[in-house]
Amino acid sequence: MDKYRRTRILYILQADFEYFISLLVAGSFLAAVTAQLGISDSLTGVISAIISLGQAFQLLSISIRKNIKRKVVLFSAMNQLVFMCLYVIPLTGLPPGWKTALFIGAVTLAYFLYNIVHPKKIDWFMSMVEDGNRGRYTSVKEMVSLLTGMVFSYVMGSMSDYYRSIGQIRKSFAICAGVIFVLTVLHTLTMVLAAEKEEREGVSSGTGRGGRFGIIRDRNVLRVTAVLVIWHAANYVAVPFYGSYQIKELGFGLKYVSILGILYSSVRILFSFVWGAYADRRSFARMMRACMAVAAVGCLINVFTVPENGKLFFTTYYVCYAIAMAGIGNAAMNVVFDYVDASKRADALAVTQVVAGICGFATTLLASPLVTYVQDNGNMFLGMHVYAQQILSLLSCVLYLLAIGLITAMFCRRPGKG
């Protein structure tokens, strides 16, 4: 009998409850809270930057070497209770300035608590999954979260819209806070009841030759990091600017944007298991390469996306992007498990995510002046009438091709898992 089967089921439930909470503290749900607090669009952008840079806190996980499960459970519960406070703050009688300051502080603290134990949590749960089944398992976990998340977000969104329509948005905040509390309890229970392999205690210390931070000199970690940096650059050079492109230049209505969101989730669900099975059969490196090829095709299509063909071309791009992301997200984690020693996996996850995350954010900052320049010049660039997002799509396509070349050279031509 497989004594870790129950823990693998609990991991799927844990990821599901965690995903529900993440939906309530992002996107339109978070925007509703910031609007109620009177936070400006520019300050909301700063808050979003804090969320994006939260991965930098994962470096601190390297110092966690004992009592892994206890610390993961404690920090996760604290993180989610702080998320709950985001909905409580608008209900207090504090002055507006205090509410804003507390809100920003709570967001920063929540992502600090989340990221400091995230690599250890992933390493703990994934250690219960056999190497030859990680692709299928992670795809099932993602499919469950996406399917239930669609229902959850629809129900919670409908509830919020109802109370907003009758002028009682504060009541919706109270309900959201209560839902997060219940989800926190359920999430904590899944981790408390989960098993932990005895040999896992302190195994991911990253110690040995080179000291605690010798992980940054590990060749395989550097190879994986290089690929993830290029992937994040390819993703963040264009995707953050597509939201405004849909609404302004392409003229999409919010209803059509919502339909695209449903289509995106449906396609990811459909292809998630396909990619997982392919990875188990061929390797996660080859799966990531194939996904990036699909993403590159999608970006190339967006190079030619203009208002006249917007719905057809952008929808085609979005389907390609969904197909690619159905595999890339899981591959980014599992490539680490394929090529890094078990004793270094948690620390390697932290290092790769931190470096790649910061580089992705920096890429967006570098792309912003180009967008401003093109738009300020009447969408003219090098004597051609072109939208900024078309130029960024071309850059993204080139970066994806570069990532494909790196994967081929560093993993797919090497003996072993590649």
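Residues numbered from 1 in each chain as written. Predicted model: local features only at pLDDT ≥ 70, side-chain atom pairs only at ≥ 80, totals over all residues. Heavy atoms only, no water.

### Notes on the overall build of the protein chain
For clarity, the cut-off: Secondary structure elements follow DSSP: runs of H or I no shorter than four residues count as helices, runs of E no shorter than two count as strands, and numbering proceeds from the N terminus. To sort residues, take the accessible area from a 1.4 Å probe on protein chains only and compare it with the maximum for the residue type: under 20% means buried, over 50% means exposed, and anything in between is partly exposed. We call two residues in contact whenever any of their non-hydrogen atoms come within 4.5 Å of each other. Per-residue and other accessible areas were derived by the Shrake-Rupley procedure at a 1.4 Å probe size, with only the shown protein chains allowed to occlude residues.
When its secondary structure is counted, the protein chain shows 14 helices and 2 strands. Across the 418 residues of the protein chain, 52% fall into the buried class. Taking as baseline every contact in the protein chain between residues at least 6 positions apart, the subset at least 24 positions apart corresponds to 84%. As displayed, the protein chain has an accessible area near 18,600 Å², and 67% of this comes from carbon and sulfur atoms.

### A word on the packing of aromatic side chains
Both the distance between ring centres and the angle between the ring planes are used here to describe each pair of aromatic rings. Using the following cut-off: For this analysis, a ring pair means two rings from Phe, Tyr or Trp (six-membered ring only for Trp) whose centres lie within 6.5 Å, classed as stacked if their planes differ by under 30 degrees, edge-to-face if by over 60, and tilted for the remaining angles.
On inspection of all chains with the given rule, the structure shows 17 aromatic pairs. With 4.4 Å between their ring centres and 20° between their planes, W124 and F125 make a pair best called stacked. On the basis of relative accessible area, F125 is assigned to the buried category, the value being 1%. Between Y317 and Y318, the aromatic rings sit 6.3 Å apart at their centres with planes inclined by 45°, giving tilted as the arrangement. Accessibility expressed as a relative area gives 2% for Y317, which makes it buried. Site record: aromatic cluster; members linked through ring pairs are Y242, Y264, F314, Y317, Y318 and Y321.

### Structural notes on the confidence of the model for the protein chain
The criterion, for reference: Each residue carries a pLDDT value, the predictor's own confidence for that position, ranging from 0 to 100.
Of the residues in the protein chain, 89% reach a pLDDT of 70 or more, and the chain-wide mean stands at 83. In this model, residues 200-209 is a region of pLDDT below 50 whose contacts with residues beyond four sequence positions or in other chains number 28 contacts.

### A closer look at the pattern of salt bridges
Here is the rule: Any Lys or Arg side-chain nitrogen located within 4 Å of an Asp or Glu carboxyl oxygen qualifies as a salt bridge.
Across all of its chains, the model carries 3 salt bridges by this definition. Ionic pairing is found between E142 and R268, a salt bridge with its closest N-O pair at 2.5 Å. Remark: R268 occurs in helix α10 (residues 254-282) and E142 occurs in helix α6 (residues 134-165); sequence separation between them is 126 residues. Residue D161 is joined to R164 by a salt bridge in which the shortest nitrogen-to-oxygen separation is 2.9 Å. A residue pair is termed a helical-turn pair when its members lie 3 or 4 positions apart in one helix, as D161 and R164 do in helix α6 at 3 residues.

### Remarks on the packing of helix α1 (residues 5-24) against α6
Packed helices, taken two at a time, are described by the angle their axes make and the gap between the axes. Rules: For helices, the axis comes from a line fit to the C-alpha atoms of the stretch in contact; other axes are also lines fit to C-alpha atoms, and the angle between any two N-to-C directions lies between 0 and 180 degrees. Helix crossings fall into two classes, left-handed where the near helix is turned counterclockwise from the far one by less than a right angle and right-handed where it is turned clockwise. Gly is put with the polar residues, along with every residue not named as nonpolar or charged; the nonpolar set is Ala, Val, Leu, Ile, Met, Phe, Trp, Tyr, Cys and Pro, and the charged set is Asp, Glu, Lys and Arg.
Remark: α1 packs on α6, axes separated minimally by 9 Å, with the N-to-C direction vectors making an angle of 35°. Crossing of α1 over α6 shows right-handed handedness. Contact with α1, carried on its side by R8, Y11, I12, A15, D16, Y19, F20, L23 and L24, involves Y137, V140, K141, V144, S145, L146, T148, G149, F152, S153 and M156 of α6 and no other residues of that element. When its residues are assigned to classes, the contact of α1 with α6 shows 13 nonpolar, 4 polar and 3 charged.

### Concerning the nonpolar core
Where we set the bar: The definition of a nonpolar core used throughout is a set of buried Ala, Val, Leu, Ile, Met, Phe, Trp, Tyr and Cys residues joined through side-chain atoms within 4.5 Å.
Counting residues in each nonpolar core, the largest one holds 88 residues, and the members touching the most others are W231, M288, M292, Y400, I407 and F411. Element by element, the count of residues in this core is highest for helix α12 (residues 310-339), at 16 residues. Here Y400 is in contact with W231, A234, N235, M292, A295, A296, C299 and Y321, once residues within four sequence places are set aside. In this structure, A32, I89, Y111 and I169 belong to the second largest nonpolar core, which totals 34 residues.

### Considerations on a nonpolar patch on the surface
Quick reminder of the rule: Note on patches: the residues involved have over 30% relative accessible area and no salt bridge, like charges join within 9 Å, and the nonpolar side chains Val, Leu, Ile, Met, Phe, Trp and Tyr join within 5 Å.
Together, L81, F181, V182, V185, L186, L189, V192 and L193 give the surface a local cluster of nonpolar side chains, amounting to about 640 Å² of exposed area. Residue contributions to the nonpolar patch peak at 7 residues, all from helix α7 (residues 169-193).

### What about the environment of Y163?
Along the chain, the position of Y163 falls in helix α6. On a C-alpha basis, the gap between Y163 and F173 in space is 9.5 Å, while along the polypeptide they are 10 residues apart. In this structure, Y163 is in contact with Q168, I169, K171, S172 and I175, ignoring residues within four places of it in sequence.

### Focus on helix α13 (residues 345-376)
Heads up, the rule is: Expected helix span is given by 1.5 Å per residue-to-residue step, counting one fewer step than there are residues.
Under the 1.5 Å per step criterion, the end-to-end length of α13 is 47 Å for 32 residues, consistent within 8% with the ideal 46 Å. Phi for G378, located one or two positions after α13, is positive at around 65°.

### Details of α12
What counts is decided by this rule: To get the bend at a residue, fit one axis to the 7 residues ending there and another to the 7 starting there, then take the angle between the axes.
Here α12 is 30 residues long and its end C-alpha atoms lie 41 Å apart, about the 44 Å a rise of 1.5 Å per residue gives. A maximum bend of about 35° is found in α12 at A331. For α12, the tally of buried residues reaches 23 of 30 residues, placing the bulk of the element in the interior.

### Comments concerning the environment of A346
Its place among the elements puts A346 in helix α13. In the structure, A346 is positioned 226 residues away from K120 in sequence and 5.4 Å away in space, judged by C-alpha atoms.

### Describing the side chain of T315
Spelled out, the test is: As used in this structure description, the phrase polar contact means that two N or O atoms lie within 3.5 Å; if the pair is within protein, one of them must be able to donate a hydrogen and the other to accept it, and residues adjacent in sequence are counted only when both atoms belong to side chains.
Here T315 lies in helix α12. Among the polar contacts listed, one links the side chain of T315 to the backbone oxygen of K311, at a separation of 2.4 Å. Contact partners of T315, with chain neighbours within four places excluded, come to Y256, L260, L263 and G310.

### Here's the deal with the packing of helix α8 (residues 219-236) against helix α14 (residues 388-412)
Applicable threshold: Roughly parallel means an angle under 35 degrees; roughly antiparallel means over 145; roughly perpendicular covers 65 to 115; every other angle is labelled oblique.
At a minimum axis separation of 8 Å, α8 and α14 run at an interaxial angle of 165°. Classed by the angle they form, the pair α8 and α14 counts as roughly antiparallel. The chirality of how α8 crosses α14 is left-handed. Contact residues: R223, V224, A226, V227, I230, W231, A233, A234 and N235 in α8; S396, L399, Y400, L402, A403, L406, I407, M410 and F411 in α14. Taken together, the residues that form the contact of α8 with α14 break down as 15 nonpolar, 2 polar and 1 charged.

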